[in-house]
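Close look at the chain arrangement
One letter stands for each residue in the lines below.
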Amino acid sequence: MSQIKKIHTQLINKEISCTDLVQEKLNLLKENTHNTVNLLLETLALELAAKVDAKIANGEQIGLLEGIPFGIKDVYMVQGTYTTASSELLKNYKSSYTATAIQKLLDAGAIPLVKENCDSFGHGSSSENTIFGAVKNAINPELVGGGSSGGSAVNVAKDYTVFSIGGDTGGSIRQPAGYNNVYGLKPTYGRISRFGLMAYASSTDCVGPIAKSIEDIRIVLNVMSGKDVKDQTTYPSETISSEVILNTDDIKTVGYFKNFIENDAIDAQVKSDFLASLEKIKAKGIQVTALDFFESDTLVSTYYTLAMAETASNLSRLDGTNYGNRIEGDNLKDTYSITRSQNFSEETKRRIVGGNQVLSQGFSDEIYLKGLNLRDQIAANFEKDFNEVDIILSPVTPNTPPKIGDSLKDPLAMYLSDAYTVGFSLGQLPTLTIPKGTTTGLQITAAKTHDELVLKFANFLKDMI
Ligand code: GLN
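Below you will find a few notes about this structure. (Residues numbered from 1 in each chain as written. Predicted model: local features only at pLDDT ≥ 70, side-chain atom pairs only at ≥ 80, totals over all residues. Heavy atoms only, no water.)

1. A word on the site of the ligand
As a structural note, the neighbourhood of the ligand is formed by 15 residues, with Thr169, Gly170, Ser172, Tyr200 and Tyr303 the closest of them. The backbone of glycine 170 places a nitrogen or oxygen atom 2.6 Å from an oxygen atom of the ligand. When isolated, the ligand has an accessible area of 290 Å², and the protein chains bury 99% of it. (Near = heavy atom within 4 Å. Polar contact = N/O pair within 3.5 Å; in protein donor to acceptor, adjacent residues only side chain to side chain. Areas by Shrake-Rupley, 256 points an atom, 1.4 Å probe, with all protein chains shown as cover.)

Next comes the structure, spelled out in structure tokens:
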């Protein structure tokens, strides 16, 4: 059921006012029960809501997204607001411009309520790597909210926002969506402009929606998509209609990776639920094919090698000169090092050190170039697979969400928990978490630019699993 369409109808029928709706959500967010809030955009939201109400009172038509309250992961620029990336370093940084994806939503009349808590610079899988306190899981607050877009997924799950915009470099939309039982889409790389998204690993960073229905994902995806002269990796895409994704006849074959499932690291319940889902799909006449894929360890190492290299490079500008809380030292070099040492978190420093290591002379051939080569092999493997199957189905995570505090003790275990999401990021493929099939959901993936197929298959599974 589309929350957006439901609220739209209530607004135009004057069953609710936009101001009341926005105020109600702001009140809930103010309590900050799950540490999801970095900043409330109260004044702006109420101003925009009043305009929508005035339009409706005047008998003017409003668009589908007009007056719909949403949340923004705190890594997107929104002009005049703080964009902290949940970091000490950018705690006082105010954006001077607005991200393209967010601007498109604002142009469509959606109302931004909140900048949402996340792992600092997207570094993490639990939303504990943040100066704003660990995000609590929407279903069980003793567990992590997932990450890095944890605040965004929890806000949607708790109905504090109607939808939220997360960012996904290696799973950061899909995994928290899975941990909190909502939908989360990482579109094909380049479908949505990254302009104004604080860069983590530019070669896999994607903008995407988190919502409570496939239809809402579709609506928000359409609005944000498109070529942008400010991001040369964007491509023009067609609008996906609601009718197109209802017709699921053209999906005939589904593949899954054998080694994801026949693996000691997978939770027994996740495994049996996943296999049961495959049986239900087979029973509907769809051919299910087991596929060979790279070992999880290879995927995780390749992803983290490249992600760390890229983030070390992207974050090098944050030295307290143009950006960041500057801490003065005895000389310029000291100033850089104190500013960066004291203002970056342990996890972020681990990645900067790791990234600079793999890029440095003497190591880059052995490690970084090997990582690039593996990424090409992974992408080629996907191309081959999609000659054989229409969709690849997988669990979202091998395990259920850990208790708050546990991941911090073991960074390597946290990296390995990304085993099922990072491969699809390296392949730049469209992939969607649906809150069905296993406790942390199912991940539906299609070939590059076939985002509509992913939504179709989600519709197919909707009433079946
Ligand atoms: N957990 C992964 C990481 O820490 C993915 C994060 C993300 O997609 N931003 O790199």
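Read on for the rest.
2. Details of unusual backbone geometry
Note that the residue after glycine 147, namely serine 148, is joined by a cis bond; omega there is 10°. Position of serine 148 among the secondary structure elements: in the loop between β3 (111–116) and α5 (150–157). The phi angle at serine 127 is positive, at roughly 55°, despite the residue not being glycine. Positive phi, normally seen in glycine, also occurs at aspartate 159, with a value near 65°. Its location among the elements puts aspartate 159 in the loop between α5 and β4 (163–168). Under the relative-accessibility criterion, aspartate 159 is labelled partly exposed at 35%. (Helix = DSSP H or I, 4+ residues; strand = E, 2+ residues; numbered from the N terminus. Buried < 20%, exposed > 50% of the residue type's maximum accessible area, 1.4 Å probe, protein only.)

3. Comments concerning helix α2 (residues 18–31)
An ideal rise of 1.5 Å per residue puts 20 Å on 14 residues; α2 measures up with 21 Å between its terminal C-alpha atoms. Among the residues making up α2, those that are buried are Cys18, Leu21, Val22, Lys25, Leu26 and Leu29. In a view along the axis of α2, the buried residues occupy a sector of 130°, so they form one face of it. In α2, the exposed residues that point more than 90 degrees away from the buried face are Asp20 and Glu31. Those residues of α2 that are buried lie in contact with α1 (3–12), β1 (37–40), α3 (42–57), β2 (69–73), β3 and α5. Asparagine 32 lies just past α2 and shows a positive phi near 50°. (Expected span 1.5 Å × (residues − 1). Arc of directions from axis to C-beta. Contact = heavy atoms within 4.5 Å.)

4. Things to note about the side chain of aspartate 228
Relative to the helices and strands, aspartate 228 resides in the loop between α7 (214–224) and β7 (253–257). Among buried charged residues, aspartate 228 stands out as having no salt bridge; its nearest opposite-charge side chain is lysine 230, 5.3 Å away. In this structure the side chain of aspartate 228 is engaged in a polar contact, spanning 2.6 Å, whose partner is the side chain of serine 193. Aspartate 228 has contacts with Thr100, Ser193, Phe195 and Thr234, leaving out every residue within four places of it along the chain. (Lys, Arg positive; Asp, Glu negative; His and termini not counted. Salt bridge = Lys/Arg side-chain N within 4 Å of Asp/Glu carboxyl O.)

5. Considering the sheet that holds strand β9 (residues 391–395)
Pairing between the strands of a sheet comes from backbone hydrogen bonds, and it takes one of two forms, parallel or antiparallel. Pairing is mixed across the open sheet formed by 11 strands, whose spatial order is β1-β3-β2-β4-β6-β5-β10-β11-β9-β7-β8. Looking at the sheet topology across the chains shown, the edges are occupied by β1 and β8 (287–291). Neighbour to neighbour, the strand axes of the sheet diverge by 25° on average, direction disregarded. The pairing of β4 with strand β6 (residues 206–211) spans five bridges and is classified as antiparallel. Following the sheet pairing, isoleucine 165 is matched in β6 by proline 209. Against the sheet, α2 makes contact with β1, β2 and β3, and its axis sits at roughly 10° relative to β3, the strand it touches most. (Pairing = 2+ DSSP bridges. Axes fitted to C-alpha atoms, helices over the stretch in contact; angles between N-to-C directions.)

6. With respect to the pattern of salt bridges
Counted under the stated rule, the structure contains 19 salt bridges. With a closest N to O distance of 3.2 Å, lysine 282 and glutamate 279 form a salt bridge. Note that lysine 282 and glutamate 279 are positioned in helix α9 (residues 268–283) at a spacing of three residues, about one turn of the helix. One salt-bridge network, in which partners are shared between bridges, spans Lys5, Glu215 and Arg218.

7. Section: the packing of aromatic side chains
Within the structure shown, the criterion is met by 17 aromatic pairs. Look at phenylalanine 70 and phenylalanine 163: their rings are 5.1 Å apart centre to centre, the planes differ by 10°, and that puts the pair in the stacked class. You can see phenylalanine 70 sitting in strand β2 and its partner phenylalanine 163 sitting in strand β4, a full 93 residues away along the chain. Given a relative accessible area of 0%, phenylalanine 163 falls into the buried group. Measuring from centroid to centroid gives 5.5 Å for phenylalanine 457 and phenylalanine 460, while their planes differ by 25°, and the two rings are stacked. Note that phenylalanine 457 and phenylalanine 460 are positioned in helix α17 (residues 451–462) at a spacing of three residues, about one turn of the helix. Assigned by exposure class, phenylalanine 457 and phenylalanine 460 land together as buried. One aromatic cluster is present, built from ring pairs that chain together Phe257, Phe260, Phe293, Phe294, Phe382, Tyr420 and Phe424. (Phe/Tyr/Trp six-rings, centres within 6.5 Å; stacked < 30°, edge-to-face > 60°.)

8. As for the nonpolar core
If you look at the biggest cluster of nonpolar residues, it comprises 116 residues, and the most contacted ones within it are Phe163, Ile165, Leu393, Phe457 and Leu461. Counting residues per element, this core draws most heavily on helix α10 (residues 296–314), which supplies eight residues. In this view, leucine 393 contacts Val254, Gly255, Tyr256, Phe274, Leu278, Ile281, Leu442, Gln443, Ile444, Phe457 and Leu461; residues no more than four positions away in its chain are not counted. Counting 10 residues, the second largest nonpolar core, distinct from the first, contains Val135, Ala138, Ala153 and Ile210. (Core = buried A, V, L, I, M, F, W, Y, C linked by side-chain atoms within 4.5 Å.)

9. Overview of the side chain of threonine 421
With respect to the helices, strands and loops of the structure, threonine 421 is situated in the loop between α15 (411–416) and α16 (422–426). Overall, the relative accessible area of 1% leaves threonine 421 in the buried class. If sequence neighbours within four positions are ignored, threonine 421 has contacts with Gly170, Gly171, Arg174, Val396 and Gln443.

10. Notes on the pairing of β2
Burial runs high along β2: five of the five residues are buried. Both faces of β2 are covered, namely the face carrying Pro69, Gly71 and Lys73 and the face carrying Phe70 and Ile72. Pairing analysis gives five bridges linking β2 to β3, with the strands arranged parallel. Pairing of phenylalanine 70 across the sheet is with proline 112, part of β3. Once the chain exits β2 it traverses helix α4 (residues 100–107) before rejoining the sheet at β3, and the crossover so formed is right-handed. Direction of pairing for β2 relative to β4: parallel, over a ladder of three bridges. Bridging across to β4, glycine 71 finds its partner in serine 164. (Right-handed = clockwise from strand over helix to strand, strands pointing away.)

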